[in-house]
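# Structural overview for review
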Amino acid sequence: MSNSSAVVLPSADRAVAPCCPPLTERPLDAEEAVRAARMFKALGDPVRLRLFSLIASHEGGEACVCDISDVGVSQPTVSHHLKKLKEAGLLTSERRGTWVYYRVAPSVLAAMGKLLTASA
């Protein structure tokens, strides 16, 4: 069972992808600012940032939860942080047997890089 990389907003009940133009290109509009803030807020926690980094840098670009659980917090806390990263649209997941595999959503790293890159 695969999960989408889109975020379902609790209040708006619609999908959002984390992408915006470079900050130096033009001011963000309100919707773009919400998307960018959601992404950065999710990564603003050191445990979440570490989990995101572990997954992004893992061989093949995906990691089993069994390979990334040792980040100094309990397994339920790891699950909570992974859920927050998924809700922000930063990760996708797939259950394979008893394990869940996480992958950085395909466009996320490019979108993050684009947002923080000076326009040409």
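Quantities reported herein were computed from a predicted structural model and do not represent experimental measurements.

This part takes up the overall build of the chain. A count of helices and strands for the chain gives five helices and five strands. Secondary structure elements of the chain occur, N-terminal to C-terminal, as β-β-α-α-β-α-α-β-β-α. Of all 120 residues assigned to the chain, the portion counted as buried reaches 36%. Of all intrachain contacts in the chain linking residues separated by at least 6 positions in sequence, the fraction that spans at least 24 positions is 60%. As displayed, the chain has an accessible area near 7,000 Å², and 57% of this comes from carbon and sulfur atoms.

For the structure on display, the rule yields seven salt bridges. Ionic pairing is found between Glu 62 and Arg 103, a salt bridge with its closest N-O pair at 3.4 Å. Taken together, the positions of Glu 62 in strand S3 (residues 62-64) and Arg 103 in strand S5 (residues 99-104) put the pair 41 residues apart, joining distant regions of the chain. Look at the salt bridges and you will find they share partners, linking Glu 62, Glu 94, Arg 96 and Arg 103 into a network.

Before going further, it helps to examine the packing of helix H2 (residues 46-57) against helix H4 (residues 75-87). Two elements in contact, H2 and H4, have axes separated by 10 Å at closest approach and are oriented at 75°. By the angle class used here, H2 and H4 are roughly perpendicular. Here Val 47, Arg 48, Leu 51, Phe 52 and Ile 55 of H2 lie close against H4, whose contacting residues are Val 78, His 80, His 81, Leu 82, Lys 84 and Leu 85. Among the residues forming the contact of H2 with H4, the class breakdown is seven nonpolar, two polar and two charged.

Glancing now at the confidence of the model for the chain. Here the chain averages 79 in pLDDT, while 82% of its residues score no lower than 70. Within the model, the stretch residues 1-18 combines pLDDT values under 50 with 36 contacts to residues more than four positions away or in other chains.

Once that is clear, we can look at helix H5 (residues 108-115). Listed in full, the buried residues belonging to H5 are Val 108, Ala 111, Met 112 and Leu 115. What you see down the axis of H5 is that its buried residues fit within an arc of 100°, all on one side. Elements that come into contact with the buried residues of H5 comprise helix H1 (30-43), H2 and S5.

What follows concerns the sheet that holds S3. With antiparallel pairing, the three strands of this open sheet are ordered in space as S3-S5-S4. One side of each edge strand has no neighbouring strand; the edge strands of this open sheet are S3 and strand S4 (91-96). Sheet twist, expressed as the average angle between the axes of neighbouring strands with direction ignored, equals 25°. By the bridge criterion, three bridges tie S3 to S5 in an arrangement that is antiparallel. Bridging from a neighbouring strand, Cys 64 pairs with Tyr 101 of S5.

Criteria and cut-off values
Residues numbered from 1 in each chain as written. Predicted model: local features only at pLDDT ≥ 70, side-chain atom pairs only at ≥ 80, totals over all residues. Heavy atoms only, no water. Helix = DSSP H or I, 4+ residues; strand = E, 2+ residues; numbered from the N terminus. Buried < 20%, exposed > 50% of the residue type's maximum accessible area, 1.4 Å probe, protein only. Contact = heavy atoms within 4.5 Å. Areas by Shrake-Rupley, 256 points an atom, 1.4 Å probe, with all protein chains shown as cover. Salt bridge = Lys/Arg side-chain N within 4 Å of Asp/Glu carboxyl O. Axes fitted to C-alpha atoms, helices over the stretch in contact; angles between N-to-C directions. Parallel < 35°, antiparallel > 145°, perpendicular 65-115°, else oblique. Nonpolar A, V, L, I, M, F, W, Y, C, P; charged D, E, K, R; others polar. pLDDT = per-residue confidence, 0-100. Arc of directions from axis to C-beta. Pairing = 2+ DSSP bridges.

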